[in-house]
Amino acid sequence: MKIVHHGKIYLPLILVPALSSFALPVLAAEDTMVVTATQGTISELDTPAAVSVVNGDDMRQAAPRVNLSESLSSVPGLQVQNRQNYAQDLQLSVRGFGSRSTYGVRGIRMYVDGIPATMPDGQGQTSNIDINSVESVEVLRGPFSALYGNASGGVINVSTTTGTQPPTFEASSYYGSFGSWRNSIKATGATGDGTQAGDVDYAVSASRFTTHGYRDHSSAQKNLGNAKLGVRLNEASKLTLLLNSVDIDANDPGGLTEQEWRDNPTQAPRAEQYNTRKTTKQTQAGLRYDRQLTASDDLSVMMYAGVRETTQYQSIPVVPQLNPTHPGGVIELSRHYQGIDSRWTHRGNLLSIPVTLTTGLDYETLSEKRKGYENFVVENGSTVLGEKGSLRRDERNLMWNVDPYLQTAWQLTDKLSLDAGIRFSSVYFDSNDQYITGVNGDDSGDASYHKWLPAAALKYALTEAWNVYASAGRGFETPTINELSYRDNGQSGLNFGLKPSTSDTLEVGSKTRVGNSLLTAAVFQTDTDDEIVADQSSGGRTTYKNAGETRRRGVELSADSQLGYDWRVKMAWTYLDAIYRSNTCGDDNCEGNRIPGIAQNMGYASLEYAPPEGFYAGADVRYMSDIQANDENTAQAPAYTVASLNTGYKLRIQESWLLDVWGRVDNLFDREYVGSVIVNEGNGRYYEPAPGRNYGVGVNLSYTFM
């Protein structure tokens, strides 16, 4: 069998800002495997680290196209859980990092077309990711790239579609259980083939999603827009403009105690009492300049800026807020962020050894105005909850980082390669308290964090289709602004005693392609000092502390097989033993306890029949072992297994039209289970229930201008 590569492959993943999709091969009559790649990318098979790629078309196949949790279960080591709460986003963790997050994404660096979806402090979100526009989602597990900082779990990189000829217009609609609607449109196209000066490509998408919600007080609406415009300046350079906007208005049902969950999982008693809710508006723009300086040198510059405004009403009782140092039960945030990442890549030879060198500088800033208000007002002698009252907090926070990095790739022999790099990460935080009254003193302060982050990997090709590798890397995770914002036991002031965590990871792995199957295996150990964990969580507010030493040991297995032309099987298994190696529970001894929020075992299997046109169908099964909810390991969410089915029909009409009508059933056997947990919730309200059997139908109609 011969292998034909289309496009140029210059750098291993560990050296580039985006991974690449390795398309499952299709065998032609002459038994030729065709592999498509773009400049600066490489396949899952050849990358000397644990990497998984999910194709955008697969994510949209008979799917609601609302949450990443719909389509990432096949990635080993990635635990993605839908809270059924659009006020708090998904709960994502990689190798257990990020499991403590009560909202948003923690411990993982996220990018969309090169723009960080993670702020300089390490807090990220998935709400601005437009699944309708996704080309691929690539997951790097472990801290094995010097190109990324302030994360321990790894990197999730989202690439959106680049427009090509001929132009295409698509409209789609989805309706599901709990009054869920999603309507979207997308247009893509290009002038020219993208190689000549003046050639333009474009991709524009917009969607609106509304839902009543599975639980009481969990309705939400979300408007999302995404645009990508590329202009070829000349034969050597290209400019790409990126625009993204999201507007979310969601109620927050909050967590339940175990008894409440078992009595009625749909209830939300505190949420309705306090009318807990959250609004988020974010708009950002990016400009990327790529230039091929010489046959051996490339330059890339990414500049971006954005604003994110959030207002959140929490279920904090009136009595604690009467304390003059309490910051109140309503949070208003206005965040302005911007950054620039410039890098230069050179390919050459040193002593007859092919060498690739990448060096660059990453600069990011975040300016936050944070205000707190009482979540009640007094009218005619009566207390009305869930309304913005008197000001209780007013501060301006700044966080920025300056990270130079250098990374090299050495092809030592035909079979042996070495990748090594280093990043020096410097993160600065400064807070200016503008609410100083009575016993509420000046809580201004500043902190800075610095760390060298080395990474290295050796890969050996046993055959053209079988690689083994060993890698080592260091991760660095600073406290987020939110984690610094509160101290335990209702104390005033910022939590400057919170230190960054440092993780050292060793990994060995094997990847092999057998026929049309890609099989991967990875074994790793991560030792962490000063891990940041949830301390107390009560009334919608969580405080954090350092946990001393923790250890994660795991095994990740996956198989992706194309059976013939139309059948596909995917399987994944994760074993993750994550424990405290020192006591973090105060009077109780937690040494040896499992870290909460992390499943010890996860399994996934799917079977799909998916011809390009006509009838198609699929089924999948997911398993999640029990998850501890607190450090003491006295509460846990039970293990569960859920299955889903989908089917549809694609009809081609007169070459230009394609109609796709589909339906699906999730939680086929109506299993009652907990979708996610709120780690260390102070009132024992750990549980966020998942829905029982639910349904969805959809229709997609596209027209290609021939």
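All values derive from a computational prediction rather than experimental measurement.

Rules and cut-offs
Residues numbered from 1 in each chain as written. Predicted model: local features only at pLDDT ≥ 70, side-chain atom pairs only at ≥ 80, totals over all residues. Heavy atoms only, no water. pLDDT = per-residue confidence, 0-100. Helix = DSSP H or I, 4+ residues; strand = E, 2+ residues; numbered from the N terminus. Contact = heavy atoms within 4.5 Å. Salt bridge = Lys/Arg side-chain N within 4 Å of Asp/Glu carboxyl O. Buried < 20%, exposed > 50% of the residue type's maximum accessible area, 1.4 Å probe, protein only. Polar contact = N/O pair within 3.5 Å; in protein donor to acceptor, adjacent residues only side chain to side chain. Patch = residues over 30% accessible without salt bridge, like charges linked within 9 Å, V, L, I, M, F, W, Y side chains within 5 Å. Areas by Shrake-Rupley, 256 points an atom, 1.4 Å probe, with all protein chains shown as cover. Pairing = 2+ DSSP bridges. Core = buried A, V, L, I, M, F, W, Y, C linked by side-chain atoms within 4.5 Å. Phe/Tyr/Trp six-rings, centres within 6.5 Å; stacked < 30°, edge-to-face > 60°. Lys NZ or Arg CZ within 6 Å of the ring centre and 35° of its normal.

Another point: the confidence of the model for the protein. Mean pLDDT over the protein: 89, with 92% of residues reaching 70 or higher. Here strand S2 (residues 32-36) stands out as the least confident element of the protein, with mean pLDDT 29; strand S36 (residues 657-666) is the most confident, with 98. Counting contacts from residues 1-42, a segment whose pLDDT is below 50, to residues more than four positions away or on other chains yields 105 contacts.

Counted according to the given criterion, the structure contains 34 salt bridges. Among the ionic pairs, Glu 364 bridges to Arg 109, the shortest N-O distance being 2.9 Å. Note that Glu 364 is positioned in strand S18 (residues 353-373) and Arg 109 in strand S6 (residues 108-112), a separation of 255 residues in sequence. The two residues Glu 364 and Arg 109 agree in class, both being buried.

This part covers the side chain of His 326. Considering the arrangement of structural elements, one finds His 326 in the loop between helix H4 (318-321) and strand S17 (330-350). Residue class for His 326 comes out buried when judged on its relative accessible area of 12%. Engagement of the side chain of His 326 in a polar contact is seen with the backbone nitrogen of Gly 328, the distance being 2.9 Å.

So, on to a nonpolar patch on the surface. A cluster of nonpolar side chains, namely Val 508, Val 523, Val 555, Leu 557, Trp 573 and Tyr 575, defines an oily patch on the protein surface of about 480 Å² accessible area. Elements with a minimum of two residues in the nonpolar patch: strand S29 (549-563) and strand S30 (567-580). In this structure, Val 508 sits in strand S25 (residues 501-514).

Okay, the pairing of S25 next. Looking at chain direction, strand S24 (residues 466-477) and S25 are connected through twelve bridges and run antiparallel. Bridge pairing in S25 places Val 468 opposite Ser 510. With 13 bridges joining them, S25 and strand S26 (residues 517-529) adopt antiparallel strand pairing. Along S26, the bridge assignment pairs Thr 512 with Leu 519. Taking the residues between adjacent antiparallel strands as the criterion, S25 and S26 are bridged by two residues, where Gly 515 takes a positive phi near 60°.

The next point concerns the nonpolar core. Counting residues in hydrophobic clusters, the biggest one holds 38 residues, and the most contacted among them are Val 677 and Tyr 687. Among the elements of the structure, strand S16 (297-313), strand S22 (416-433), strand S23 (445-463), helix H5 (481-484), strand S27 (532-538), strand S35 (640-653) and strand S37 (674-677) are those that each provide at least two residues to this core. Sequence-distant contacts of Tyr 687, defined by excluding residues within four places in its chain, comprise Gly 255, Leu 256, Thr 257, Glu 258, Trp 261, Ala 635, Gln 636, Ala 637, Val 674, Ser 676 and Val 677. By size, the runner-up hydrophobic cluster in this structure holds 22 residues, among which are Leu 68, Val 80, Ala 117 and Ile 129.

Next up on the list: the sheet that holds strand S9 (residues 154-160). Read from one edge to the other, the open sheet built from five strands follows the order S3-S8-S9-S6-S7, with strand pairing classed as mixed. Strands at the two margins of the open sheet, each flanked by one partner only, are strand S3 (50-55) and strand S7 (115-116). Here S6 runs beside S9; their pairing, made up of five bridges, is parallel. Following the sheet pairing, Tyr 111 is matched in S9 by Asn 157.

On to the packing of aromatic side chains. Counted according to the given criterion, the structure contains 15 aromatic pairs. Their ring planes at 55° and their centres at 6.0 Å tell us that Phe 429 and Phe 496 sit as a pair that is tilted. One end of the pair, Phe 429, is in strand S22; the other, Phe 496, is in the loop between H5 and S25, and 67 residues separate them in sequence. Given a relative accessible area of 2%, Phe 429 falls into the buried group. Taken together, the ring pairs in this structure connect Trp 261, Tyr 686 and Tyr 687 into an aromatic cluster. Taking the ring centre of Tyr 313 as reference, the NZ or CZ of Arg 277 above it sits at 3.6 Å. Directly above the ring of Tyr 616 sits Lys 650, whose terminal nitrogen or CZ lies 5.5 Å from the centroid.

So, on to the pairing of strand S31 (residues 601-609). Every regular strand shows the same layout, with side chains that alternate between the two sheet faces. Pairing geometry for S30 and S31, over nine bridges, is antiparallel. Across the sheet, the residue bridging to Trp 573 is Gly 603, located in S31. Relative to strand S32 (residues 614-624), S31 runs antiparallel, the two being bridged by eight bridges. Its bridge partner lying in S32, Ala 605 is registered against Val 621. What sits between the antiparallel neighbours S31 and S32 is a turn of four residues.

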